[in-house]
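Given next are the chains, with one letter for each unit.
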Amino acid sequence: MVLKRASKGFTLVEIMIVVMIIGILTLIAVPNFLSARMNSQKNSCIANLHLIEAAKEQWAMDKKKSTTDTPTSTDLIGTAADGYMKHYPSCPGGGTYTINNMVTRPVCTISGHVLN
């Protein structure tokens, strides 16, 4: 007489193996996700700094300003007819931007977010 085992459901060992595999995949994926997010924020911040720098240069040419003049954010924003940017950008990493004078490039308060 042969006893047949009714195979309904999963055993505890099978469930533990699946949970362990999911845990290992999570340990691999989360640091890569965080790194990709930080790189994305940095690249977006640098693009914003380029935008501010271009707006500064246009403002200086239009207003015939010297290298020692410093525009304010209100000098750079406005409508399409009278502004150089529609709105003042914000750093995706939570930093703040300093416009600086015409000789000095704009900067972000977060280290590593710098124009090349």
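The rules we used
Residues numbered from 1 in each chain as written. Predicted model: local features only at pLDDT ≥ 70, side-chain atom pairs only at ≥ 80, totals over all residues. Heavy atoms only, no water. Helix = DSSP H or I, 4+ residues; strand = E, 2+ residues; numbered from the N terminus. Buried < 20%, exposed > 50% of the residue type's maximum accessible area, 1.4 Å probe, protein only. Core = buried A, V, L, I, M, F, W, Y, C linked by side-chain atoms within 4.5 Å. Contact = heavy atoms within 4.5 Å.

Trainee: Any chance you could break down unusual backbone geometry for me, citing the residues and the numbers?
Mentor: Backbone geometry places Lys64, a non-glycine residue, at a positive phi of 55°. Summarising the element assignment, Lys64 is placed in the loop between helix 1 (12-63) and helix 2 (73-76). Among the residues examined, Lys64 registers a relative accessible area of 74% and is labelled exposed. Backbone geometry places Asn100, a non-glycine residue, at a positive phi of 70°. Structurally, Asn100 is set in the loop between strand 1 (97-98) and strand 2 (107-108).

Trainee: Residues and numbers for the nonpolar core, please.
Mentor: Core analysis: the largest hydrophobic core is formed by 16 residues, its most contacted members being Cys45, Leu49, Ile52, Trp59, Leu76, Tyr97 and Cys108. Per element, the largest residue contribution to this core is 7 residues, and it comes from helix 1. Apart from the residues lying within four places of it in its own chain, the contact partners of Tyr97 are Cys45, Asn48, Leu49, Ile52, Tyr88, Pro89, Ser90, Cys91, Pro92, Val107 and Cys108.

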